[in-house]
Each structure stands twice: as structure tokens, then as C-alpha cells.
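Inside the fold
Here are the chains, one letter per residue:
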Amino acid sequence: MVKIVVPVKQVPEVTEVRMNEETGTLIRDGVPSILNPFDELAVEAAIQLKEKHGGEVTIITMGPPQAKDALLKALAMGGDRAVHLTDRAFAGADTWATALTLAEYIRKEEFDIVICGKQAIDGDTAQVGPELAELLGVPQICYVQKLALSEDGKQVIAQRGTDEGHEVVKAKLPVLLTATKGLNEPRLPNIMGIMKAKQKPFVEVNIEKLGTDPSRLGLKGSPTQVRKVFAPEKKKGGIKIDADNPAAAAKQLVEFLTKKGAI
Amino acid sequence: MGLIYDRDTCTGCMLCPKACNFGAIEKDGDKVKFDLDKCVLCGSCEEVCPVDAIKIERKKVDANEIAQYKNVFVFCETHEGRLRSVALELVTKGRELADKLGEKLVAILIGNDIEEHAQTLIYHGADHVLVVEGKIFTDYTTDAYTIAMTSLIAPRKPAIVLYGATNNGRDLAPRIAARLALGLTADCTGLEIDEARQLVQTRPAFGGNIMAEIISPYTRPQMATVRPNVFKPGEPDTSRKGEIEKVNIEVSPIQVRTRVTEKVSEIVEGMKSVEEADIIVCSGRGIKDPANLELPKQLAKLLDAAIGGSRPIVDMGWLPPTQQVGQSGRTVCPKLYFALGISGAIQHQIGMSSSDIIVAINKDPEAPIFSIADFGIVGDLFTVLPEVIAEVKRVLDSR
Ligand SMILES: Cc1cc2nc3c(=O)[nH]c(=O)nc-3n(C[C@H](O)[C@H](O)[C@H](O)COP(=O)(O)OP(=O)(O)OC[C@H]3O[C@@H](n4cnc5c(N)ncnc54)[C@H](O)[C@@H]3O)c2cc1C
Ligand SMILES: Nc1ncnc2c1ncn2[C@@H]1O[C@H](COP(=O)(O)O)[C@@H](O)[C@H]1O
């Protein structure tokens, strides 16, 4: 029996987020929201552990009311219950304030394993996982590509991605993991799953229920502050030729590179 | 903390909606209204308002407290006794920041038998090197390294701490940030000191579609992880002098709650690392078949270049993951980058657009890669590339 908590985030489909070059504002209207792809890996990993060892999978998010969709998707995949931390006081949180809010709730639960996604594709920080692990006082194994529990169910054995390849890391429970590409192929929720999801236990938690001093949370509790956003500088294209005569084109290219001292 | 809007004073000049980067201000009759879900209290509106109708109440910055924090610290990662290249990039950039502040640059080395690198770090700009050695630090573990770093940071009170945004750097820095209750900015591509002596951290977000400038006004040290290969390392100056200080930090094995039982390198023998190569020959889906990779390999061999691939090529297993360039692969900035049959999706560009010279061969004249290529050839790579190889050979042979 393992008790697993999976923090998930609803994110915009980032490839569709653009800057309005004229006004310099973010265009987010009409951009679809999805369950963070790395979090799908985390949910799938949790469900697989439960299928093998028995236990319970709790999905948790901190986010605006519409983030409920992300929770429902994770429940439809096979999560058992969901917790939605939602309050205006939580808005505008940076990674520290996000991790703190999640920790304030998760700390009250019994858990053996917390599985986060490696990173959320909107901010791409990969910081909430390790920060949450520290605030919960448990060890962390980040960028997990393979995962198993030891025979006695007291240890995780994880393959962790490194810059050169990978390493195998063991840790006693409780532990926090972050899931990365290759860990599994997340299942698609089926109709039954989607119907059942709506009947599963679902709690909403606001600032009163959480019982934390609001000055520590959300924008107020965030040590970092976004000062400005802007469109990235675009590198300009240079020479562009047609290769009607490949040999001539190649000659022109190599001349260009020699002149630039590149070869 | 919050935004206070005085509707009576507001003249409805409509300067503030234009100044807001976040689309949080809208026209409301002849005045404006604020969407506080979008507002991040950046203060752009307060700045442009000619009649002071907008006021942003902030937490008080305790200037005395902040003034106690001095010097720039850089964590210089080693791997199996070798200094990672990002360490020299950080020392070079850190030197520049320390000079702007008129403070010291302190490099931190943690490991086993790594003291020899201290001198290199001084030659590249460090004033002071803190060396923490011990068997327990041989392999990177979150727990041992966090204890070492927090033991150094807490009493010495640096103003800034920088880490390389490697897998280990991004595992370690947030752990330290959480332990010390600090802000942390991930994967920065720009670092500046502003007029208030704050560290302005620039980083891409939303898959590279936007850039954000981030500050940590209330807490010290200001911490950031820095993307490898963005800042160029400087040339060593062997006349530079600095102090090397050995610091003894005891970590007992029971404090380390994870155990590394196996380490596997996936770097393929003879396959040069894309992060360290001066020239990269990178192939995309246009290469069609793994057997066709012989062609780019020939060019790479001639130029002593590394072989790279776009994500689909790596996903299909035609090249190992260590060779993937882009957002979910490696960030590179070689002197010369060949993009062969690569469309140039934003996620690919993020990883290579700062290359000095970009050459693209693609049969689609509309491919986005051409908008950043210094030299683009519109054509079939299977007819063009053999000619390029022949021409390069001819030129090299004639030297
Ligand atoms: C979260 C996320 C992360 C990602 N991370 C990465 C990443 O790290 N790296 C990465 O590369 N991608 C990444 N991608 C994928 C990226 O969006 C693109 O799908 C990918 O880069 C496309 O690869 P490609 O250019 O090889 O293929 P395609 O887009 O299919 O382009 C192939 C090109 O080859 C040209 N071509 C075909 N035949 C020939 C020929 N005979 N001669 C000349 N030209 C020819 C075509 O005109 C076309 O432009 C990521 C995507 C997401 C959503
Ligand atoms: N608001 C949130 N609610 C729940 N989990 C989150 C939230 N933000 C981040 N996470 C978790 O932390 C991981 C890393 O996110 P990030 O640090 O934002 O890249 C995600 O994949 C989630 O598992």
C-alpha cells in the first residue's frame, strides 16, 4: 500500500502563446489550457505504482477555478481523489510561494511518495518539485526516467537523467520524485474514466481552510517579482540562395564561410 | 501590498493600458479598470501615470538589512573531477557583475580531489575560491551539496549566488532556495545590475515565445541558475592573484538520504559533445532515413564537428539523446551551425539561435529556419550536401 500525492498544474498550450508586438502584451485569450504534459507522466507513474502495490493516488493543484479541468483529467486517468487549492490570496505565486502553499496542505496528509512533473511548460522552471521536497522535509530524486519500489515496498529505486546519461538512485520513503520524458506513456482517459471522475472525492480548499497567514502566500509571499515581459529579439536572416545549380551554391557557401573565418 | 487606484484623480489619458505588459488594464467608461488576476504589480502603470492616480504599495525593503549582503558567489560544478565548462562561463559573467558592484567574486568548488581547479578559476576572474573537499562529495547528492552550500552562504551573506542550469544545478539551487526562503530565477539567459544595485535576471518563458525580467527586491542573496553556453568564457589571465580557502564541512552519511548505486554515461564513443564543439552539423527530419546520416557525418568529420539532431531524429532513436539540440535537449552556441533538413521550430531555435553563424539547407523556402540563417540554401539536401562536402574538402586540401 502506497499513498501517493501528485501535484499537477494547468498550463496554456505554450506554442500558441504570443506577444502582441504593438502593445507588448501577452496574448493569452483563446489559448487552450491543458494538463502540463510532464504532470501526465507523474499521474501515470502514480497509477502504475498503485496498480502494482495497492494504495491511493491524490491529485492536488493550486490554481484558479478553471484549473479544476486539469484535476478532472487526472481523475479520469485513474487518480482516486482530488484537492483544489483555490483562493484569490494564492494568485500570482512564484515557485517559492507555490511550493509553500502546496506544502502547507500536503503536510497534513499522510503520504509515502510525492510525484511532480519535471517542469511546467509555461514557466519551465523545474523548481517547485525540489522546493516542495525541502519544505516537506523529504529527499528528492529529480528527472526520473524509470521507477520501481523495492520488494519490501520501503524504498524507491529510480533511474535519474544526468547531463552525461543517467544514474540509479535509491531512497527510503517518504520521498519526492519529478517525472521526465521516457518514464512511461500516459494513458488517455476513456469514457468510463471521464464519467467516474465526476463522482470521485473532490475538496476545495481556500485560505481559511488552509489556515496560513495570507502575507506568506501568492504574490505577496513571492520573493521574486516579474518586472517586465517582452518579445525575444529575433535574429535576422542573411543571404538566401536557390540551389538550381548545387555545385555553384556549394561554392558560394564555402566562400562565405572562408571569408568569415568559420572554416 | 496591492494596487490603489484613485478614480477621481484619473484623467482617462489612457497611457496606462498601453504601458501594461500583462493586459491587466482596460478602458472603463472614460476611466480605466484593473484586472487583478492578471496584474503582477510590476509598476509600469504607476510610472507612466501623469497625475499619480495609481499607487502600488509594496513590502518595505529593509535597506540596512540588504546592505549587509555583499559579493558575488558562483557555484562551480565538477563532474568526475573535471570542471564543467559552465563554471568558467559563470566566473567570467560573475566577474563582470562583481566589478559593477565594486565587490568580490567568490568561486565555490565542492567535490573530492578538485582543488587543482581553484587556480583556473582565479585566472578566469575569481578573487577568492572556497574549496570544500571530502569523500562524501565525490558523487553529487542533493543532501550533501545542500548542506555544504547553505553552510557557506548563510554566514558569509553574499548579495548574489549563481549556479549553472545543468541537471545537478537545477536540482540543487531550488533546494537551497527553499531552505533559506529565497527567490530563485531559473535558467537565465541575461544578467545585469541595475541602478538600484539589484540583479536583473532575464529568462525565456512560454516555450521561448516571450522573455521576462525578474528581480528579487526583498530578500538576499539573489539567486539564479544560468543556462550553459549563453555567456562566453573569457581568456585566462595567468597573472591574476587570488586567495584559496579550504573550508571543512562535515556531513555524516546518515544526513544523505539518497544513494547513487550506478552511473551510466550515454555519451557514444567518438561522438563529440554538442555543447563543447565549435562546429555542429545538425540534421532534422529532412534526412529521411538513419542511413542517410552518413552524409552529415562526412561533413562533421572533415570539419572536426559534432553531430546533432532535432527532436524527431532523437525520438526515433537515430541519434542518442545527448546529441539533441533545442528546448528539451541541449543549448548550444558554436561558431558555426549547419541546420540540414530542419524546419526551425521555435523549440529548436531556442537551443541554437545564438550560434555565431547559421547555415541552413532546406527545400522549403518558407521554412522558419531561413529567418535566422546567415546563409540559407533553398534546395534538396541530398543534391546540395555532397557538393558542399566536395567543396569543403577541396578548400581544406588546398591549404
Ligand atoms: C515542449 C516541446 C519541446 C521541444 N523540444 C525540442 C527540442 O529540444 N529540439 C527540437 O529540435 N525540437 C523540439 N521540439 C519539437 C519542435 O517543435 C519541432 O517539432 C521539431 O524541431 C521539428 O524537427 P525537424 O525540423 O527535424 O522536422 P520538421 O519540422 O518535419 O522539418 C523537416 C524539414 O526538412 C525539410 N526537408 C525535407 N526533405 C528535405 C530534403 N530532401 N532536402 C532539404 N530539406 C528537406 C522540410 O522542408 C522541413 O522544413 C519540441 C516541442 C515541444 C512541444
Ligand atoms: N500551481 C501548482 N499546483 C500544483 N502543482 C504545481 C503547481 N505548479 C507547479 N507544480 C508542480 O511542480 C512541477 C514543476 O513546476 P515548475 O517548477 O513550475 O516548472 C510541475 O510539473 C507540477 O508537478
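Below: a short report on this structure. (Residues numbered from 1 in each chain as written. Chains lettered and ligands numbered in written order. Predicted model: local features only at pLDDT ≥ 70, side-chain atom pairs only at ≥ 80, totals over all residues. Heavy atoms only, no water.)

1. Section: the packing of helix α4 (residues 128-136) of chain A against helix α7 (residues 167-180) of chain B
As a packed pair, α4(A) and α7(B) sit with axes 8 Å apart at the nearest point and diverge in direction by 45°. With respect to each other, α4(A) and α7(B) are oriented oblique. The two elements α4(A) and α7(B) cross, and the hand of that crossing is right-handed. Touching A:Pro130, A:Glu131, A:Ala133, A:Glu134 and A:Leu135 of α4(A) are B:Arg170, B:Asp171, B:Pro174, B:Arg175, B:Ala177, B:Ala178 and B:Arg179, all from α7(B). For the contact of α4(A) with α7(B), the per-class residue count stands at 6 nonpolar, no polar and 6 charged. (Axes fitted to C-alpha atoms, helices over the stretch in contact; angles between N-to-C directions. Helix = DSSP H or I, 4+ residues; strand = E, 2+ residues; numbered from the N terminus. Parallel < 35°, antiparallel > 145°, perpendicular 65-115°, else oblique. Left-handed = near helix turned anticlockwise from the far one by under 90°. Contact = heavy atoms within 4.5 Å. Nonpolar A, V, L, I, M, F, W, Y, C, P; charged D, E, K, R; others polar.)

2. Remarks on the site of ligand 2
Residue and element names in this part refer to chain A. Around ligand 2 sit 18 residues in total, of which Pro7, Asp39, Met62, Ala120 and Thr125 are the nearest. The contact in question runs from an oxygen atom of ligand 2 to an N or O atom on the backbone of Gln127, over 2.9 Å. Bound to the protein, ligand 2 loses 97% of the 480 Å² it would expose on its own. The biggest single contributor to the shell around ligand 2 is strand β6 (residues 55-62), with 3 residues. For the shell around ligand 2, the class distribution of residues is 9 nonpolar, 7 polar and 2 charged. (Near = heavy atom within 4 Å. Polar contact = N/O pair within 3.5 Å; in protein donor to acceptor, adjacent residues only side chain to side chain. Areas by Shrake-Rupley, 256 points an atom, 1.4 Å probe, with all protein chains shown as cover.)

3. Some points on the interface of chain A and chain B
Facing 83 residues of chain A, the contacting portion of chain B comprises 104 residues. Taken together, both faces of the contact between chain A and chain B bury some 8100 Å²; the carbon and sulfur share is 54%. When residues of chain A are sorted by the area they lose upon contact with chain B, A:Glu164, A:Gln225 and A:Arg227 head the list and together hold 10% of the total. At the junction of chain A with chain B, the criterion picks out 9 salt bridges. Summed over the shared surface of chain A and chain B, the number is 42 residue pairs in polar contact (both at pLDDT 80 or more). For the side of chain A that touches chain B, the element with the most residues is helix α7 (residues 246-259) of chain A, which contributes 11 residues. Here the residues of the side of chain A that touches chain B are counted per class, giving 39 nonpolar, 20 polar and 24 charged. Bridge count between strand β11 (residues 165-172) of chain A and strand β17 (residues 258-265) of chain B: 7 bridges; the pairing is antiparallel. What sits directly across from A:Lys170, in β17(B), is B:Arg259. (Buried area = accessible area lost by both parts, 1.4 Å probe. Salt bridge = Lys/Arg side-chain N within 4 Å of Asp/Glu carboxyl O. Pairing = 2+ DSSP bridges.)

4. Considering the sheet that holds strand β11 (residues 184-188) of chain B
Residue and element names in this part refer to chain B. Reading across from one edge, β11-β15-β10-β5-β8-β9-β16 is the order of the 7 strands in this open sheet, with parallel pairing throughout. Looking at strand neighbours, the two that pair on one side only are β11 and β16 (243-246), the edges of this open sheet. Neighbouring strand axes in the sheet, compared pairwise and without regard to direction, differ in orientation by 20° on average. In this fold α7 packs onto β5 (72-76), β10 (160-164), β11 and β15 (222-226), with an angle of close to 170° to the strand it touches most, β15.

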